[in-house]
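Inside the fold
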Amino acid sequence: MFLYLCLSLFLGESESAVCASVKSASQEMLLEIAHGEASPCSLAFGQYACAQSAWLQDLQDDFLISLYSCLTPKPVSAMDPEYSILFFSKYDAKKLVAALTVFSQQFSHVPLSLEWNMIFINGLWEKMLQVPDIDSPSILSQWVHEGLQPFLLKPEAFACLHAKNVLCETFQMIVAALNGIYSDLPVEEQRNLYTGIKYYLIQDGSNQKCYSAADPGLNSTAWFKNYLGSFLEHATIGDLQLFGDEPTLQKFARNPVNIQMVSNLTLLRETAVYYTSLLTSGPGFPLSSLPDRFVCYLSPLAVSNLSRDDALSLAQRISKNCPLNLTHRGVTRERVPFSLTTEQLQVASSLVRKFEHFPPAILRALRQAAVGLSISDIENGISGKDLEASISALGEVRGWNAEQSSAIINKLLSSGYQILDGQSLAKLGSLVAGFNSSTLRRLSPEVILEAIKLPEFVQQMATLPSALKMIFVEKISSSVSHPVELVKYIPDALASYIPKSLLVFGEEKPNIQDLNSKMWTREQAAVFFNDVIKTEPDFSRLSQSVLQGFTCAAANETEAERFQELAKVMKKKNVKLGEDQLSCLVKMVTLHGIPKDLDSYPKDLLLFLSPSDYAATGSCRQYFANIGKANLDVLQRESSQRKQLLVEALACLKIPGTQVDEENAEVLGRLVCDLGGEYIRSSGGNLLKQLSQCESFLPNQEEAIRSVISSGNTTFGPPVMWSAFTLNELSGLIPVFDHSILQKIPKNALSLWLKNFAHDSPLSREQLGTVVEELLPTRHKRADGCPPSKKITEMVLNDDLMPIYYTPEELHACLKNVSLENHLSQILTYPFSIQQLAVLKRYLDETYPDGYPESLLQKLGPLTAFITPEDVSKWNITSADMLAVLLKNEPLDDQASAIIKRYVGLGNALNATALNTIGTKYVCLLNAAELNMIDSNSLKLASLNPSACSEVTKDILYAKAKRAFSDQHYLPAYYELIEPYLGGAPGVDLRSLSKDNVNMKVSTLATLKRDSLLNLTLSEVQGLLGMNLRDLEKWQNKSPIREWVQMQKQSELDKLHIGLTGGTQEGYMNIVTPKFQSPSSASLGTVAMTLHLLPTLLISFLMMLVLS
């Protein structure tokens, strides 16, 4: 687009002709500039270019930085490319290299302009060609490192090289020079340079740039090494397919030089898988020749024909070379600990299938590949004696699913394996996850305490199901008498499961080092935060996890200067706070005026300030650039505060109309998520990058996004031209795409995206199912039987693209006479459509008409959405473990209610494990009878928040919570424990709390019982809210706070100076209508009596008014 800046060469014209219209500059002027007595901007570029060569040598080495800064704000002229060639041709080569070295060291502080970038590289390239021995790799490398590198960071600069007809041989030398400094470059610069290299290689449209089998100078298959080098780390599958067709890429992949190089690189995951398939998919490449790094990316097909000996050899190589949490470039979402990809599990299964029986020698040799054992293998292929002899090997395997580990543990225990001490428990290693809660509860606390002192056992804690983690915590906490000891001994992976009530230090002094070493929830940290800041004088020593527990009550006891120090430490440690915490934080930070260094405080704090508050720190543009990077979701989307921020941002950026350019979109950042549909339409594709990061959209936004995408007028082009890589870049917007967009995307692009990218996308399994629907035939033929070509084989069941091979009708027909017992967990991770899932549910109903067995309940996953209360009534839910598995699938309320009722109906207790499993999400579903079954001691160990529940639920749970925490009521932490239950508190308890400096959030005040709140005096509410009193003004129009305000004298409200209105005026009285029970819940006699008395009450009221 700017190639004319590279084509305007100094084609032998005399200097006088080029400089004819340029006003000459004197030597004195240049000397003044050189000595800093005049600004470099006082001369035009042409004046420098046309000055005498000798005069230019007086300029200092940092002159290019100054000159570039002068030029970038100015528009370019047609002569500037020629001035560039003339200017640099006059510079002494050594002096120019010195000047470029300074530029290279400081260019990050200079705003690089694309046009001037290309003008400079235009002249520098021509100068470089004049340097003696420039063909020498060392000379060229020096020029690239110290001269061209800053200008090559704009990808278009490589197009300039292409326009100058730079030969492949020369380009290869440039890549080699850049490769020499690759490891020293920031990732962003690596990516920019790679983009430029790709730009050069694909410019002429050829599918095999710089390669020709018939040309002796271009027939090297070491192409990846020659033209990409280490920059291959940033290449996608789509990129590789632009560089050559598959046969050519296979030649490149198998070249020994390329293999050696790639063995030491960290490729994108999908690229690594593709490269491995290029090596192994064709004939003539034995797996024994495969470099160790590539065995981690093998496909099941590649290992299908191995002998037993080769399978064992490969299994050992995989165990040795494939850490389970491989890091890959471009993967932004971390996998859960020790998770395996579908391909890794399939390869393990393929290797295991080479054997029918598994004596200890085979199990030890399989090592990590033993994760491919089926339940049938475990139950029928291994004797109890052999299993016990193989415990050490099996305990080191990572990635067992729940059914596998449970089957192994059950077989071990039934074969007589005894857990008598910590060593015998720790020996089980990763198999510990297979315990059920009842077995684990039977172990003595001493055994568990001994086991957790062994580092190899502690490592297994992270993979345990939540229910088992809770039991481990119960066992450990029952063996230690003080919170300090509990924090010391508890394994890191269990710390977040410690009940809040067990983290109250009271008179004890907490050990800061132990607290810092663990990861806490915000609610846990809030309980001990007050104790921590009293103990630790140096806030910078506190961990991010501890600091997130910041509370207003604790802050209120901190001196203003110390508090500001605390807030600045939070910024340095990137502590994430909630809305109420930030609201309190901003009050404390601005207590004595707005600080002039707001950038030293947490960025999210700015959400509660305005551009005028920020004026002493920086411009409004800088303010909104920070807001765009803040956690905007701290504020509710429809809040007036958030809407005002957007209005002020648009005004600050002087955005005309509804069109937002890319530069302003970068500044707005997350605020783009709040722009209306009219802005999205008018701005075309400028907002797509930011929109793809948004959590959700309003209907008019979704419609606008579809309109922009459908138009094709974006950098991504029309959907019909998209690749899998395009879909990956837009993955955050895929849920918005409708059928009209999805049907235009090439089917192979959708399939490739599902295969290689979907597992790292933010899309849910349900959203991926929508993509699958687009790959199925639109007209479903009635299946008379299963087509021979669609028989469901082992290979099909192991293919995560299985959903795209079957219409719902075909799936139903082909599932007949197929056992899914060993594959159900796996295939339910595949992105089946809703119709296909319904078929799978129907298959299970037909297979198990009398109810699903317990082993199947653990695997239901997405099928939970199809269960009915009638289904649940047939289930045997006999433990909190099973309850946890079922509720983890997030069933709808009526399904969850049926599950909980079935659990209770079978005589199971609502103990702490069950209550934590039910959690805040489902606690409101419990009826009065179920609530009354809860023991106070169990509630003490649970983490619930019933504030959104019915009054009956809140009343029952408050009484139990008050009893549970009664021994801690005199401690500051008591409020943090009781606060979630205060919706059921009577007025007398609230009056008591008003004296304890609790700094209640207004959002909590709004959930109090109506009668309790209305009976509180103004001073009592003031005492409850403390520092949060000012927030009352924002809530004054919401019930029941509105009714409480109406009952107060306006003159008393005015004394608070917080803007409350609607109180009782002098000489008047407000009557707040009481909430009577509805006729359905009150007796008819009571209602009739109330109605009968109304006239009398009204007359009495009027008489009082007259007398007053």
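Model, not experiment: these values are computed from the prediction. (Residues numbered from 1 in each chain as written. Predicted model: local features only at pLDDT ≥ 70, side-chain atom pairs only at ≥ 80, totals over all residues. Heavy atoms only, no water.)

1. Quick word on the overall build of the chain
Counting its regular elements, the chain contains 68 helices and 0 strands. Projected onto its principal axes, the C-alpha positions of the chain cover 110 × 90 × 60 Å. In the chain, which comprises 1108 residues, the share counted as buried stands at 53%. Of all intrachain contacts in the chain linking residues separated by at least 6 positions in sequence, the fraction that spans at least 24 positions is 71%. (Helix = DSSP H or I, 4+ residues; strand = E, 2+ residues; numbered from the N terminus. Buried < 20%, exposed > 50% of the residue type's maximum accessible area, 1.4 Å probe, protein only. Contact = heavy atoms within 4.5 Å.)

2. Things to note about the packing of aromatic side chains
Inspection of the entire model under this criterion finds 33 aromatic pairs. Judged by centre distance (5.4 Å) and plane angle (10 degrees), the rings of tyrosine 275 and phenylalanine 294 are stacked. Pair noted here: tyrosine 275 is in helix 18 (residues 269–280) and phenylalanine 294 is in the loop between helix 18 and helix 19 (308–321), with a separation of 19 residues, a long-range link. Ring centres of tyrosine 614 and tyrosine 623 lie 5.5 Å apart, and the angle between their planes is 55 degrees; on these two criteria the pair is classed as tilted. By the burial criterion, tyrosine 614 is buried, and tyrosine 623 matches it. Taken together, the ring pairs in this structure connect Phe45, Tyr48, Phe63, Tyr68, Tyr83, Phe87, Phe88, Tyr91, Phe103 and Phe120 into an aromatic cluster. Just above the ring of tyrosine 806 sits the side chain of lysine 790; from NZ or CZ to the centre is 6.0 Å. Stacked on the ring of tryptophan 1035, the Lys or Arg lysine 1038 has its end atom at 4.6 Å from the ring centre. (Phe/Tyr/Trp six-rings, centres within 6.5 Å; stacked < 30°, edge-to-face > 60°. Lys NZ or Arg CZ within 6 Å of the ring centre and 35° of its normal.)

3. Some points on the state of the cysteines
Following the criterion strictly, the structure yields 9 disulfides and no others. Bridging cysteine 620 to cysteine 652, the disulfide has an S-S length of 2.0 Å. Across the disulfide from cysteine 620 to cysteine 652, rotation about the S-S bond amounts to roughly 90 degrees, and the bridge is consequently right-handed. Of this pair, cysteine 620 sits in helix 39 (residues 620–629) while cysteine 652 is found in helix 40 (residues 640–652), placing the two residues 32 residues apart along the sequence. Here cysteine 924 engages in a disulfide with cysteine 949; their sulfurs sit 1.9 Å apart. Of note, the bridge from cysteine 924 to cysteine 949 carries an S-S torsion of about -80 degrees and is left-handed in sense. Of this pair, cysteine 924 sits in the loop between helix 57 (912–922) and helix 58 (928–932) while cysteine 949 sits in the loop between helix 59 (936–940) and helix 60 (951–964); the two residues are 25 residues apart in sequence, bridging distant segments of the chain. (Disulfide = S-S within 2.5 Å.)

4. Comments concerning the pattern of salt bridges
Evaluated as defined, the whole model comprises 34 salt bridges. Taking the shortest distance from any N to any O, the salt bridge between aspartate 239 and lysine 198 comes out at 3.1 Å. In this pair, aspartate 239 is assigned in helix 15 (residues 237–243) and lysine 198 in helix 13 (residues 187–202), connecting sequence segments 41 residues apart. For lysine 198, a relative accessible area of 19% translates into the label buried. (Salt bridge = Lys/Arg side-chain N within 4 Å of Asp/Glu carboxyl O.)

5. What about the side chain of glutamine 1050?
On the secondary structure map, glutamine 1050 appears in helix 67 (residues 1050–1054). A relative accessible area of 9% means that glutamine 1050 is categorised as buried. At a separation of 3.0 Å, a polar atom in the side chain of glutamine 1050 contacts the main-chain carbonyl oxygen of leucine 1060. In this structure glutamine 1050 touches Leu1060, Thr1061, Gly1062, Gly1063, Thr1064 and Gln1065, once residues within four positions along its chain are discounted. (Polar contact = N/O pair within 3.5 Å; in protein donor to acceptor, adjacent residues only side chain to side chain.)

6. Examining helix 44 (residues 699–711)
The terminal C-alpha atoms of helix 44, which comprises 13 residues, lie 19 Å apart, in line with the 18 Å expected from a rise of 1.5 Å per residue. Those residues of helix 44 that fall on the buried side of the exposure criterion are Gln701, Ala704, Ile705, Val708 and Ile709. Down the axis of helix 44, the buried set is contained in an arc of 135 degrees. They therefore lie on one face. Residues of helix 44 that are buried in the fold lie against helix 42 (677–682), helix 43 (688–691) and helix 46 (739–742). Positive backbone phi, approximately 80 degrees, marks glycine 712, located one or two places after helix 44. (Expected span 1.5 Å × (residues − 1). Arc of directions from axis to C-beta.)

7. Describing the packing of helix 11 (residues 156–163) against helix 13
The contact between helix 11 and helix 13 brings their axes to 7 Å, and the two run at 30 degrees. With respect to each other, helix 11 and helix 13 are oriented roughly parallel. Considering only the axes of helix 11 and helix 13, their crossing is right-handed. Two secondary-structure elements touch here, helix 11 through Glu156, Phe158, Ala159 and His162 and helix 13 through Leu193, Gly196, Ile197, Tyr199 and Tyr200. When grouped by side-chain class, the residues that make up the contact of helix 11 with helix 13 number 6 nonpolar, 2 polar and 1 charged. (Axes fitted to C-alpha atoms, helices over the stretch in contact; angles between N-to-C directions. Parallel < 35°, antiparallel > 145°, perpendicular 65-115°, else oblique. Left-handed = near helix turned anticlockwise from the far one by under 90°. Nonpolar A, V, L, I, M, F, W, Y, C, P; charged D, E, K, R; others polar.)

8. Let's talk about the nonpolar core
Phe87, Leu425, Leu428 and Trp753 are the most contacted members of the largest nonpolar core, which has 268 residues in total. Among the elements that make up this core, the one with the highest residue count is helix 9 (residues 114–129) (9 residues). The contacts of leucine 425, once residues within four sequence positions are left out, are Ile419, Val432, Phe435, Leu443, Val447, Ile448, Ala451 and Phe457. (Core = buried A, V, L, I, M, F, W, Y, C linked by side-chain atoms within 4.5 Å.)

9. Some words on the packing of helix 39 against helix 40
The N-to-C vectors of helix 39 and helix 40 enclose an angle of 135 degrees; their axes lie 10 Å apart at closest approach. Taken together, helix 39 and helix 40 sit at an angle that is classed as oblique. Crossing of helix 39 against helix 40: the hand is left-handed. Contacts between helix 39 and helix 40 involve Cys620, Arg621, Tyr623, Phe624 and Ile627 on the former and, on the latter, Leu645, Glu648, Ala649 and Cys652. Residues that form the contact of helix 39 with helix 40 fall into these classes: 7 nonpolar, no polar and 2 charged.

10. With respect to the side chain of aspartate 871
By the element assignment, aspartate 871 lies in helix 54 (residues 869–872). Side-chain polar atoms of aspartate 871 contact the side chain of lysine 841, separated by 3.1 Å. Those residues in contact with aspartate 871 that lie beyond four places of it in its chain are Lys841 and Phe866.

11. Observations regarding the confidence of the model for the chain
Of the residues in the chain, 92% have a pLDDT of 70 or more, and the chain-wide mean is 87. The lowest-confidence element of the chain is helix 68 (residues 1084–1107), averaging 45 in pLDDT; the highest-confidence one is helix 60, averaging 97. A low-confidence stretch, residues 8–12 stays under pLDDT 50, and its non-local contacts, those more than four residues away or across chains, total 15 contacts. Between residues 1076–1097, whose pLDDT stays under 50, and residues either more than four places distant or in other chains, the model counts 3 contacts. (pLDDT = per-residue confidence, 0-100.)

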